[in-house]
Amino acid sequence: MTPVTSPVGLIGPDELLIFLLQVGLLLLCALLLGRLTQRLGMSAIVGELCAGVLIGPSVLARVAPGLSDWLLPRDTAQFHMLDAVGQVGVLLLVGITGIHIDLRLVRRRGVTAARISLAGVAIPLGLGLAVGLLLPDSLVPGSADRSTFALFLGVAMGVSAIPVIAKTLMEMRLLHRNIGQLILCAVTVDDIVGWLLLSVVSAMATTGVRAGNIALSVGYVAAVVAVAVLARPLIRTALRAADRSDSRRDGGVTVTLVVILVLLAAAATQAMKLEAVFGAFVCGIVISSCGTLNPARLAPLRTTVLSFLAPLFFATAGLRMDLTALAQPTVLLAGLGVLVTAILGKFAGAYLGARLSRLGHWEALALGAGMNARGVIEVIIAMVGLRLGVLSAEMYTVIVLVAIVTSLMAPPILRLTMARVEQTAEERLREKSHEAEKVRDAGGTA
């Protein structure tokens, strides 16, 4: 007689209560602080991270330790429920970022952007590697290999953030400028290179730093890219079918299909030990390259991710920051060193690449300011490093602070540099066309 399998037990009432309170309070704080930082001219991500800082070990645990222990118990299973929701959010956020990459712009300005991006990644990557090798042993987790730690720090310094800089350029009305488009193009190449490097370094962290393992990881990356190219016709066909279905019914077939594709692609690369975010990003680029997706169909998904899932992820990331660690002289000095190195490396790389491309001094500085903004991407990389055990809690805090400071630097420096770059007739015409489109859209909405 076949034994009866007992059903899996349900979540306990106390655990459910704590989970609901965690989600509700984190979202409330993220909403309020996100709006506040936006009013102050900063990115909402800063406020969302600060929400986690307030409820986490930096503030609440110091002010009301009893309440903190009840709301954020040291129970792994309890915290993992919050993590799971945040992970789904960040995968969809990265997938949407890939979908919104303008590949036509990359092809049009590809050579110049690649030259700028290569220098903008190589120099901070090299400096980050050097800093990682020189930092005290107390800041390197005992389970992490020193070379993997240094490479991870280099990757974190080398990346830029498409969402942050795109939003900044839109708010400053610089998207119509040639430099604005070149910044977006170079940052796009930056991010693609960054995700490739992250996938390889993450694999090194899990399988070890051996020539065979590294070669296998690079082979997996090449296989993912090859499969993505081969799968394009199938994805294009599926997107067309979903669009036709949505046209006949007021449904969300396209949204569901995109979510399925992103999550399955993330699962595939996670199975290869290449990090789930890499699969989500590649999937987004493939969907974008199909040219059949109606952007309006994804409006509900963008709203859900940007208003609920992503803020919850960043607030959860803030929970893991312990700013009291900066009171330790070693951590504070290391943080300042990493911050200065990250800024100088990115500016030097972008400036050198721009000057080699025969751009002017102020244009090169504007490119440096735009590419220096790390924002979302560096926070994600820091979370990956913490989860893999490559980063200590102290270094995690330092890297997230670098992401915040560099994102805050972008608007004022862009404003200063772009004021000294003369606007061309083509840019003025493009600006008038853009303003006319906004008026038409407003009229249609009204």
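Predicted model only: the values in this text are computed from it and were never measured.

(A) A look at the environment of Ala410. Topologically, Ala410 is positioned in helix 18 (residues 393–418). What makes Ala410 buried here is its relative accessible area of 1%. The spacing of Ala410 and Val164 is 246 residues in sequence and 9.4 Å in space, taken between C-alpha atoms.

(B) The arrangement of the layout of surface pockets in detail. There is about 660 Å³ of room inside the second largest pocket. Every element with two or more residues in the lining of the second largest pocket is listed here: helix 4 (65–71), helix 5 (76–99), helix 13 (276–290), helix 14 (299–319) and helix 17 (375–388). With six residues, the single largest contributor to the lining of the second largest pocket is helix 5. Partitioning the lining of the second largest pocket into residue classes produces 15 nonpolar, five polar and six charged.

(C) Quick look at the pattern of salt bridges. Across all of its chains, the model carries five salt bridges by this definition. Between Asp137 and Arg146 there is a salt bridge; the shortest N-O distance is 2.4 Å.

(D) Region of interest: the side chain of Ser392. If you trace the backbone, Ser392 turns up in the loop between helix 17 and helix 18. A distance of 3.2 Å separates a polar side-chain atom of Ser392 from the backbone nitrogen of Met395. If we skip the residues at most four places from it in the chain, Ser392 touches Leu139, Pro141 and Leu386.

(E) Just the packing of helix 16 (residues 361–372) against helix 18, in detail. Put simply, helix 16 and helix 18 touch, their axes get as near as 8 Å, and they point 160 degrees apart. When the interaxial angle is binned, helix 16 and helix 18 end up roughly antiparallel. In terms of crossing hand, the pair formed by helix 16 and helix 18 is left-handed. Residue-level contacts link Trp362, Leu365, Ala366, Ala369, Gly370 and Asn372 of helix 16 to Thr406, Met409, Ala410, Ile413, Leu414, Thr417 and Met418 of helix 18. Taken together, the residues that form the contact of helix 16 with helix 18 break down as nine nonpolar, four polar and no charged.

(F) Structural context of the environment of Pro73. Of note, Pro73 is situated in the loop between helix 4 and helix 5. Taking the C-alpha atoms as reference, Pro73 lies 10.0 Å from Glu15; in sequence the two are 58 residues apart. Once residues within four sequence positions are removed from consideration, Pro73 is found in contact with Ile18, Gln22, Ser68 and Gln78.

(G) Expanded view of the packing of aromatic side chains. Using the criterion set out here, one finds one aromatic pair in the structure. Their ring planes at 70 degrees and their centres at 5.2 Å tell us that Phe313 and Phe314 sit as a pair that is edge-to-face. Take Phe313 and Phe314: they sit in the same class, and that class is buried. It is Arg420 that lies over the ring of Trp362; its NZ or CZ is 4.9 Å from the centre.

(H) Layout of the nonpolar core. In this structure, Trp195, Ile287, Leu301, Phe314, Met395 and Leu414 are the most contacted members of the largest nonpolar core, which totals 137 residues. Per-element accounting of this core gives the leading share, 13 residues, to helix 10 (residues 178–207). Not counting residues up to four positions away in its chain, the partners in contact with Leu414 are Ile165, Thr168, Leu169, Met172, Leu174, Ile183, Ala366, Ala369 and Gly370.

(I) Here's a closer look at empty space enclosed by the protein. For the coordinates displayed, the defined rule picks out one cavity of 30 Å³ or more. Its boundaries defined by the atoms lining it, the largest cavity holds a volume of some 50 Å³. Every residue along the wall of the largest cavity is listed here: Ser43, Ile45, Val46, Leu49, Val164, Gly375, Val376, Val379, Ala403, Ile404 and Ser407. Put simply, the parts of the chain that give the lining of the largest cavity at least two residues each are helix 2 (44–55), helix 17 and helix 18. For the lining of the largest cavity, the class distribution of residues is eight nonpolar, three polar and no charged.

Rules used in this analysis
Think of each chain on its own: its residues are numbered from 1, step by step along the sequence as written. The predicted nature of this model means local features are confined to residues of pLDDT at least 70 and side-chain atom pairs, given and counted, to a pLDDT of 80 or more, with totals for whole chains, interfaces and linings taken over all residues. Note: side-chain values were computed over all heavy atoms of the structure, leaving out hydrogens and water. Numbering of helices and strands runs from the N terminus; a helix is a DSSP stretch of H or I covering at least four residues, while a strand is a stretch of E covering at least two. Relative accessible area decides the class of each residue, using a 1.4 Å probe on protein chains only: under 20% of the type maximum gives buried, over 50% gives exposed, and in between gives partly exposed. Lining residues are those with an atom within 4 Å of a point, where the points come from a 1 Å grid over the protein atoms alone and group into cavities, where a 1.4 Å probe fits but cannot get out, or pockets, open sets with protein on both sides within 12 Å along at least five of seven lines. Grid points are joined across faces, edges and corners, and a volume is the space filled by probe spheres set on the points. In the scheme used here, Gly and all other residues not listed as nonpolar or charged are polar, with Ala, Val, Leu, Ile, Met, Phe, Trp, Tyr, Cys and Pro taken as nonpolar and Asp, Glu, Lys and Arg as charged. In what follows, salt bridge is the name for a side-chain nitrogen of Lys or Arg lying within 4 Å of a carboxyl oxygen of Asp or Glu. N or O atoms within 3.5 Å of each other form a polar contact, as long as, within protein, one can give a hydrogen and the other can take it, and as long as residues adjacent in sequence are counted only when both atoms are side-chain atoms. The contact criterion used is simple: two residues touch if any of their non-hydrogen atoms lie within 4.5 Å. Axes, fitted as lines to C-alpha atoms, cover a helix only where it is in contact. Angles between the N-to-C directions of the axes lie from 0 to 180 degrees. Between 65 and 115 degrees an angle is taken as roughly perpendicular, under 35 as roughly parallel, over 145 as roughly antiparallel, and anywhere else as oblique. By convention the crossing between two helices is left-handed if the near helix lies anticlockwise of the far one by an angle smaller than a right angle, and right-handed if it lies clockwise. Any Phe, Tyr or Trp ring, taking Trp's six-membered ring, that has another such ring centre within 6.5 Å forms a pair; planes under 30 degrees apart are called stacked, those over 60 apart edge-to-face, and the others tilted. A ring has a charge above it when a Lys NZ or an Arg CZ is no more than 6 Å from the ring centre and no more than 35 degrees off the ring normal. Throughout, nonpolar core names a set of buried Ala, Val, Leu, Ile, Met, Phe, Trp, Tyr and Cys residues whose side chains join them through atoms within 4.5 Å.

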